[in-house]
Every structure is written in C-alpha cells, then in structure tokens.
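Here is how the chains run, residue by residue.
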Amino acid sequence: MAETVVEVAEPPALVLKGYEGKPLVDLDTYRAVGGYAQLERARAMSPHDVTQEIIDSNLRGRGGAFFPTGRKASFIPTPDKVAKPIYITVNADESEPGTFKDREIMLKVPHRLLEGCLIAAHAIQSKHVFIYIRGEYSEEYEVLSKALAEARKAKLLGNVKLTMHRGAGAYICGEETALLESLEGKRGQPRSKPPFPAIQGLYASPTLINNVESITNMPIVLEIGPHEYAQIGAPPDSTGTRLFCLSGNVERPGVYEAPHGITTRHLIYDIGGGVPNGRDLKAVMMGGSSFPVMTPDELDTKLDANSLGQRGLFIGSGVVCVLDDRTCIVQFALRVAQFYMHESCGKCTPCRVGTRWLVQILRAVEDGTATENDLEVLLDVCDRIIGKCLCVLGDSAAMPVASCVTKFRDEFKQHLAQGGCPFGADSSLANLFAPVDQHAHAGAPA
Amino acid sequence: MIEEIRKIAKEYPSSKSAVLPALRLAQERYGWLPRAAFEEVGEALDLTPAYCMSIASFYDLFHLEPAGTHMIEVCTNVCCGLVNAQAVLEAFERELGIRVGETTSDTTVTLRAVECLGGCSTPTIVAVDHRYRQSVTPDDVPAIVAELRSG
Ligand SMILES: Cc1cc2nc3c(=O)[nH]c(=O)nc-3n(C[C@H](O)[C@H](O)[C@H](O)COP(=O)(O)O)c2cc1C
Ligand code: SF4
Ligand code: FES
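Below or above, wherever it landed, is the structure these notes cover. Being a predicted model, the structure only gives us computed values, none of them experimental.

### Describing the side chain of Asn-91 of chain A
All names here are of chain A.
- In this fold, Asn-91 is placed in strand β2 (residues 87-92).
- For Asn-91, a relative accessible area of 13% gives the class buried.
- For Asn-91, the side chain forms a polar contact with the main-chain nitrogen of Asp-93, separated by 3.2 Å.
- In this view, Asn-91 contacts Asp-102, Tyr-132, Gly-174, Leu-179, Ile-209, Asn-210, Asn-211 and Val-212; residues no more than four positions away in its chain are not counted.

Right, here's the structure in full:
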C-alpha cells in the first residue's frame with residue numbers, strides 16, 4: 001500500500017515547516033520545532049493586533065474562494081457589540097474532487113492546525129471553535145482528536161472550547177452556509193446571503209469560517225512576521241505557499257508545498273516527473289473539478305490567482321490533476337457533471353434540473369446520438385446556471401462543462417460525426433461508473 | 001444509547017446539533033438505520049423520528065436499508081478514474097459475484113461506488129469498513145475480499 005507523497009517541493013516550508021518526512025503528531029515533537037510559541041505570543045497581544053497581522057500578511061482562503069482571511073476576521077463584531085457568543089467553524093470537510101491536502105495537514109501537523117484555531121479564537125475573541133471534519137475521514141479524526149486531547153491536557157486551550165464534529169457524506173456541506181445548517185443538525189442546504197455568517201452564522205451568532213489550510217497558516221504568519229510572509233509567493237495578491245494536490249496521469253503524484261507563482265509546467269514536469277508512459281498532456285483539471293480546465297498551451301501559466309485569473313482559470317483548492325491524451329474529454333465532462341448532479345442539494349431549480357440536463361446531453365454526445373444543435377443547448381444550459389443559483393455549486397457544474405465544450409469543440413463534433421466515441425474503450429475514463437447511477441443500477445439484471 | 005446520545009448533545013449549544021453523531025452511533029449499533037433507530041435518536045434529542053429520518057436520507061453515509069457486515073467503497077471520481085478505478089470496481093464485482101450497489105446473498109459484503117474520497121494521489125482509493133486502502137489495483141482485490149470473508 002503506497003504512502004501519499006507529502007513534500008516541500010520548493011522552499012520555504014510554511015505549513016509543513018519542521019515536518020521533513022516525520023509527522024509532528026505529538027505535542028513534544030511539535031514543541032521542538034517551536035510549536036505553540038506563537039499562541040503564547042498572540043495571547044500577549046491585543047486581539048485587534050493579531051487580526052492586523054493576518055491582514056498585513058494578505059493570507060487568503062485556501063478553501064476555494066481565495067477571500068482575504070484577515071479581512072473576513074475583521075468583519076466579526078467584537079463581544080461588546082453583540083450579546084451573542086462568537087463562533088469559529090473550521091472547514092475540514094474536504095470533498096472537492098482532486099483535493100487531498102487538508103487530510104495531510106491533519107495527519108502530519110495536527111497541532112499546527114490546533115494552534116491556528118486558538119490564535120484565531122484569540123483574534124476574534126471566540127470561546128467556542130468547531131472543527132467540521134469530513135465523515136469519511138476516520139484516521140484523520142483519530143489523529144486530530146488525540147492531538148486535541150494532548151493540547152487540552154497541557155492546558156493550551158485556555159478558556160476556549162474546541163468541538164470536533166463529524167460530517168456524514170455530503171459534498172455540499174463544504175459550502176459554508178450548508179456547513180452551518182449541518183452543524184445545527186439540519187439537512188445541509190445552503191442559506192441565502194446576506195446575512196453573512198460573520199453577522200448571523202452558527203445559531204444566528206457571528207461566525208468565522210475558514211479552511212484547514214488557511215487556519216494552519218496563522219501560526220506561521222505570526223512566526224515569520226506578516227511583512228515577511230507577504231513577500232513570499234506572488235505578492236501582493238497571492239502570498240505564501242500552497243499545498244498543491246498533484247494527481248492523475250503524472251509520474252509522481254502527491255501533496256507538494258511550494259510558493260504561489262511557480263508555473264504549472266514546473267509543478268507537473270519538474271516536481272511531478274511529467275506524464276508517464278511517454279503520453280502527451282491533454283488537459284489539466286485546475287483548482288478542482290468545479291473550474292474550467294486548462295489546455296497544454298496554458299502550461300506556462302503561473303499558479304497564482306491573478307495569472308490564472310487572466311486566463312479565466314482558478315487556483316481553487318490547489319488541485320492540479322493531469323489528463324493524458326488517452327482521455328476522452330466528453331467522458332471527463334460527463335463524469336464531472338454526474339458528480340454535481342449527485343451532490344446538488346435540490347434547493348434551487350437551475351442547479352437541480354440543470355445538472356440533470358448536462359448529464360443527459362453529455363451522455364447523448366458520448367453515445368453519438370446528439371446533434372450539433374445539442375452543443376449549443378449544452379452551452380445554453382450552462383449559461384442558465386452560472387450566476388443564477390443560490391450557492392456556487394451550480395456554477396461549479398457548469399464552468400468545467402462549458403470549458404470542455406469551448407476548448408475541445410472539435411472532439412465533441414467528432415463524436416457527433418462518428419456517431420460515437422472516437423476513443424472507444426481506449427479512453428482511460430471509458431465506462432466509468434458514477435454513484436448517481438447506483439440506485440437505478442442495483443438489483444438490475446446483469 | 002439514549003444516555004450516550006444525551007451526553008454527546010451536552011457538547012453543543014443546541015441539542016439538535018447532535019443528530020449526526022447520534023445517527024452515526026445508532027448505525028454502528030444496528031449496522032444500518034431501522035425505524036427503531038430513529039425512534040431512539042428522536043427520544044434522546046426531543047426530535048420526531050420523521051425528522052431524524054429526513055436528516056439521514058440527506059447524507060450518503062447513512063444506510064436506510066440493511067447493509068452487509070462489511071462495506072467496500074470504491075472511489076470512481078476522475079483522478080482515480082484516470083488511473084484504474086473502473087477496473088478495480090469491476091474486479092470487486094467479479095470477485096463478489098454482485099453488481100455495484102448490492103450486498104452479497106450471505107450479507108457479508110456491500111459494494112458501493114463513491115465520489116472522491118480525498119486520496120487522489122494514490123489511486124484507486126478503496127474504503128474497506130471506512131479505512132482507506134491506497135493504490136489498490138485489480139490484482140489486490142481477491143486478497144481484500146478473502147480477508148473480509150475470513151473475518
Ligand atoms: C459546493 C461547495 C463546496 C465547498 N467545499 C469546501 C470544502 O470542502 N472545504 C473548504 O474549505 N471549503 C469549501 N468550500 C468553500 C467554502 O464555502 C468557504 O469559502 C471556505 O470554507 C472559506 O474558508 P477560507 O476562506 O479559509 O478558504 C466549498 C464551497 C462550495 C460552493
Ligand atoms: S446551487 Fe445547487 S447545491 Fe447550491 S443551493 Fe442551489 S440546488 Fe443546492
Ligand atoms: S478521485 Fe479518488 S480519491 Fe479523489
């Protein structure tokens with residue numbers, strides 16, 4: 001059973017600082033690399049000053065939306081302004097296809113995440129932190145629980161209560177307001193905004209929601225200083241490092257920490273060893289399955305929000321999944337659409353119905369029964385979803401599909417001209433089963 | 001179980017928040033979620049059984065029908081799919097003599113396909129009784145099944 005590769009690919013090591021192949025799971029090993037010293041420092045500072053350091057570092061959200069972390073914290077009212085408790089919920093629901101970094105943070109540097117939680121709690125004067133951890137993550141839950149017990153025993157929590165809450169298998173619960181609903185014991189369906197969680201979040205109280213990697217950066221910002229941090233990566237907007245999630249048809253997949261701004265080519269070919277078996281790269285699932293795909297001519301694009309943004313691409317949760325030239329792009333788009341159809345919470349029509357349409361039309365294209373007009377219908381459906389849903393899940397289904405149609409239109413047309421898939425069974429994604437078909441399928445005659 | 005659930009509920013500002021951990025606990029007890037589980041969870045948390053059932057039906061980890069003693073969940077999302085997920089899934093179907101979504105007739109094993117499990121760099125990821133096996137190939141399948149059948 002192969003271990004996941006987790007490495008610092010390019011200095012500086014920030015999130016993985018001190019890790020070097022040996023997990024910092026117990027308190028002593030974490031303390032030996034300076035662990036919890038920044039918590040002590042933070043507690044000696046005023047909450048306002050801690051928030052200011054996070055603002056000055058320009059740390060931005062690693063959960064997908066890249067929102068400035070310090071600014072979000074500054075939206076939380078101070079306790080003298082509200083008669084309600086103030087909460088923090090850490091988003092450890094990691095379910096974006098292609099993302100596997102938060103899991104490694106919990107397994108390799110759990111105390112750094114906890115230290116970050118406690119620093120954030122001091123910064124916004126919260127006394128109750130929830131960590132909403134993906135329900136499927138068993139080992140991660142155990143490792144983090146053990147670290148928490150140790151931190152509690154060492155009296156590091158102070159007056160902060162920290163609760164681990166396990167999800168139960170629903171991608172949508174990664175969306176921040178769905179996460180809050182779920183944590184309140186309801187179905188995980190997004191809320192309309194405003195009110196924003198900073199004002200009315202968990203139990204209608206001010207709530208700060210951050211991704212695991214964002215929170216884990218906080219002790220580092222304090223340790224190296226916000227101004228130094230702001231120089232790392234691709235300043236001014238994409239500061240610090242990323243835990244890039246490299247997967248798919250690549251020689252050395254893994255979690256690689258590297259500064260924002262390295263090129264996609266460098267990550268895939270120099271760090272990842274390139275595409276195996278002498279195949280060519282066809283496309284990159286960039287940022288996660290929720291975003292447009294990257295094509296080979298875009299490989300020199302730097303991995304920072306602005307460079308990617310200029311090309312209509314997103315850094316998302318740091319996903320770089322390589323598709324080689326055996327991949328049928330229609331099958332890829334279909335499988336992505338099937339995921340979102342399965343995960344749509346059903347609350348709004350464009351998403352609930354639109355994801356179904358995407359699947360049906362893509363299926364017809366793959367089977368060769370669609371017409372050229374159906375490609376226009378496909379793009380039209382995407383257009384009727386994007387920006388018209390209650391949460392971003394709808395866009396997340398439509399954006400990758402639309403990008404496949406526009407960037408690989410010839411391949412779509414080839415399906416229509418040939419009356420079927422030009423790759424046949426040779427595509428790596430041929431006949432790939434999707435859970436959305438599970439109920440229809442079970443019990444049917446073989 | 002009711003006492004245990006009430007204890008979990010104390011961790012939260014509102015006891016309703018304990019519904020997911022409570023259903024998880026009930027499922028560990030029963031192997032799935034029968035009507036009795038919803039009644040117990042409901043009683044412990046002052047919720048109706050219907051409410052508890054509506055929650056369970058939303059989340060993928062809860063089983064509303066009897067499941068096998070062991071659970072095999074194969075990731076068939078794209079990163080695993082690009083490498084060998086479909087071949088691994090089919091190898092399990094062959095080895096178990098059932099199709100995905102089904103339970104063996106002796107009720108030992110349920111086979112499911114699931115979405116990305118967050119282990120994409122070591123495809124294919126297979127969760128066996130909720131523990132991840134990494135880099136599973138079709139060749140590994142007979143041994144995994146034998147292991148479950150023997151224990
Ligand atoms: C459908 C959907 C799923 C999401 N899943 C996750 C997730 O698994 N983990 C995560 O951190 N953020 C996820 N997000 C983003 C969150 O809504 C939110 O922006 C993020 O947790 C904020 O933290 P950050 O600012 O530190 O990135 C998701 C968003 C959407 C729309
Ligand atoms: S966009 Fe989809 S997932 Fe989001 S609220 Fe609407 S139906 Fe639910
Ligand atoms: S795609 Fe299989 S674990 Fe992510």
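Let us keep going from here.
### What to know about the interface of chain A and chain B
- Counting from both sides, the interface comprises 77 residues of chain A and, opposite them, 53 residues of chain B.
- Around 4800 Å² of area is buried between chain A and chain B when both sides are counted, 55% of it from carbon and sulfur atoms.
- Connecting chain A to chain B are two salt bridges.
- Arg-131 of chain B is the partner of Glu-142 of chain A in a salt bridge, and the nearest nitrogen-oxygen pair spans 2.6 Å.
- Across the contact surface, chain A and chain B share 28 residue pairs in polar contact (both at pLDDT 80 or more).
- Split into classes, the residues belonging to the side of chain A that touches chain B amount to 36 nonpolar, 26 polar and 15 charged.

### Examining empty space enclosed by the protein
- Under the defined criterion, the tally for this structure stands at four cavities of 30 Å³ or more.
- Space inside the largest cavity adds up to approximately 180 Å³.
- For the lining of the largest cavity, the secondary structure elements donating two or more residues are α13 (329-343) of chain A together with β2 (109-114) of chain B.
- No other element matches α13 of chain A, which puts three residues into the lining of the largest cavity.
- In terms of residue class, the lining of the largest cavity is built from eight nonpolar, three polar and eight charged.
- Approximately 90 Å³ is the volume found for the second largest cavity.
- In this structure, the second largest cavity is lined by 15 residues; those nearest its centre are Pro-190, Cys-345, Cys-348, Cys-351 and Cys-391 of chain A.
- For the lining of the second largest cavity, the secondary structure elements donating two or more residues are α14 (349-367) and α16 (393-407) of chain A.
- Partitioned by chemical class, the residues of the lining of the second largest cavity number nine nonpolar, three polar and three charged.

### Here's the deal with helix α2 (residues 19-30) of chain B
- Between its terminal C-alpha atoms α2 of chain B stretches 16 Å, which fits the 16 Å expected from 12 residues at 1.5 Å a residue.
- Burial in α2 of chain B covers these residues: Val-19, Leu-20, Pro-21, Ala-22, Leu-23, Arg-24, Leu-25, Ala-26 and Gln-27 of chain B.
- Of the surrounding elements, those touching the buried residues of α2 of chain B are β3 (128-133), β4 (161-166) and α8 (176-183) of chain A together with α1 (2-9), α3 (35-45) and α4 (49-56) of chain B.

### Section: the site of ligand 1
Residue and element names in this part refer to chain A.
- Near ligand 1 there are 18 residues, and of these Gly-63, Lys-72, Asn-210, Asn-211 and Ser-214 occur at the shortest range.
- Within the side chain of Ser-214, an N or O atom sits 2.6 Å from an oxygen atom of ligand 1.
- The greatest single-element share of the shell around ligand 1, amounting to three residues, is contributed by strand β5 (residues 207-211).
- Looking at the shell around ligand 1, its residues break down into four nonpolar, eight polar and six charged.

### A closer look at the sheet that holds strand β3 (residues 126-128) of chain B
Residue and element names in this part refer to chain B.
- Strand order in this open sheet of four strands is β2-β1-β3-β4, and the pairing throughout is mixed. Single-partner strands in this sheet number two, and they are β2 and β4 (131-133). Each strand of the sheet is rotated relative to its neighbour by a mean of 25 degrees, with strand direction disregarded.
- Across six bridges, strand β1 (residues 70-75) lies against β2 in parallel orientation. Counterpart to Cys-75 in the pairing with β2 is Val-114.
- Packed on one face of the sheet, helix α6 (residues 85-96) meets β1, β2 and β3 and runs near 155 degrees to β1.

### Comments concerning α1 of chain B
Residues and elements named next belong to chain B.
- Of the positions making up α1, those classed as buried are Ile-2, Ile-5 and Ala-9. Here the buried residues of α1 occupy an arc of 65 degrees about the axis, which is enough to place them on one side. Residues Glu-3 and Lys-7 are exposed on α1 and point more than 90 degrees away from its buried face.

### Observations regarding the packing of helix α6 (residues 110-124) of chain A against helix α9 (residues 212-224) of chain A
All names here are of chain A.
- For the pair α6 and α9, interaxial distance at closest approach is 7 Å and the crossing angle is 80 degrees. When the axes of α6 and α9 are compared, the pair comes out roughly perpendicular. Together, Arg-112, Leu-113, Glu-115, Gly-116, Cys-117, Ile-119 and Ala-120 of α6 and Val-212, Ile-215, Thr-216, Met-218, Pro-219, Ile-220 and Leu-222 of α9 make up the contact between the two elements.
- The residue inventory of the contact of α6 with α9, partitioned by class, reads 10 nonpolar, two polar and two charged.

### Some words on the pairing of strand β12 (residues 319-324) of chain A
Residue and element names in this part refer to chain A.
- Within β12, six of the six residues are buried, which leaves the element mostly enclosed by the surrounding structure.
- Every second residue of β12 is oriented toward a common face, with Val-319, Cys-321 and Leu-323 on one face and Val-320, Val-322 and Asp-324 on the other, all of them buried.
- For strand β10 (residues 281-286) and β12, the ladder comprises five bridges, and the chain directions are antiparallel. By the bridge assignment, Met-285 is partnered in β12 with Cys-321.

### Here's the deal with the pattern of salt bridges
All names here are of chain A.
- Evaluation of the coordinates by the stated rule reveals 33 salt bridges over all chains.
- Note that Glu-223 is salt-bridged to Lys-17, the shortest N-O span being 2.6 Å. With Glu-223 in helix α9 and Lys-17 in the loop between β1 (6-8) and α1 (27-32), this residue pair connects regions lying 206 residues apart in the sequence.
- Given the relative accessible area of 31%, Glu-223 is considered partly exposed.
- When salt bridges with common partners are traced through the structure, they connect Arg-62, Lys-101, Asp-102 and Glu-213 into a single cluster.

### Observations regarding the nonpolar core
- Core analysis: the largest hydrophobic core is formed by 163 residues, its most contacted members being Phe-332 and Phe-412 of chain A together with Leu-45 and Tyr-59 of chain B.
- In terms of residue count, α13 of chain A provides more of this core than any other element does, 10 residues in total.
- Apart from the residues lying within four places of it in its own chain, the contact partners of Phe-332 of chain A are Met-285, Val-293, Leu-323, Cys-404 and Leu-429 of chain A together with Val-78 of chain B.
- In this structure, Ile-262, Leu-281, Ile-315 and Val-322 of chain A belong to the second largest nonpolar core, which totals 23 residues.

What counts, and at which threshold
Each chain has its residues counted from 1, running along the sequence as written. Each chain takes a letter, starting from A, and each ligand takes a number, starting from 1, following the order in which they are written. Totals for whole chains, interfaces and linings use every residue, but because this is a predicted model, local features are given only for residues with pLDDT of at least 70 and side-chain atom pairs only at 80 or more, for both listing and counting. No hydrogens and no water enter the side-chain calculation; it runs on all heavy atoms of the structure. Helix numbering and strand numbering both begin at the N terminus, where a helix is a DSSP run of H or I of at least 4 residues and a strand a DSSP run of E of at least 2. Exposure categories follow from relative accessible area, calculated using a 1.4 Å probe and restricted to protein chains: below 20% of the type maximum is buried, above 50% is exposed, and the middle band is partly exposed. Polar contact is defined as a pair of N or O atoms within 3.5 Å, subject to the rule that within protein one atom must be able to donate a hydrogen and the other to accept it, and that residues adjacent in sequence are counted only when both atoms are side-chain atoms. Should any heavy atoms of two residues lie within 4.5 Å, those residues are considered in contact. Put simply, buried area is how much 1.4 Å-probe accessible surface two parts lose in total, over both of them, once they are put together. Take a side-chain nitrogen of Lys or Arg and a carboxyl oxygen of Asp or Glu: if they are within 4 Å of each other, that pair is a salt bridge. Each residue receives one of three labels: charged for Asp, Glu, Lys and Arg, nonpolar for Ala, Val, Leu, Ile, Met, Phe, Trp, Tyr, Cys and Pro, and polar for the others, Gly being one of them. Cavities and pockets were defined on a 1 Å grid built from protein atoms only: a cavity is a group of points that admits a 1.4 Å probe but offers it no way out, a pocket is an open group of points flanked by protein on both sides within 12 Å along at least five of seven lines, and a lining residue is one with an atom within 4 Å of any such point. Grid points are joined across faces, edges and corners, and a volume is the space filled by probe spheres set on the points. By definition here, a helix of n residues has an expected span of 1.5 Å times n minus one. One heavy atom suffices: a residue is near a molecule or strand as soon as one of its heavy atoms comes within 4 Å of it. Strand pairing follows a simple DSSP-based rule, namely that at least 2 bridges must link the two strands. Axis definition: a line fit to C-alpha positions, over the contact stretch in the case of helices; interaxial angles, taken between N-to-C directions, run 0 to 180 degrees. Think of the arc as the fan of directions from the helix axis to the C-beta atoms. To sort the angles, those under 35 degrees are grouped as roughly parallel, those over 145 as roughly antiparallel, those from 65 to 115 as roughly perpendicular, and the leftovers as oblique. Note on terminology: a nonpolar core comprises buried Ala, Val, Leu, Ile, Met, Phe, Trp, Tyr and Cys residues joined through side-chain atoms within 4.5 Å.

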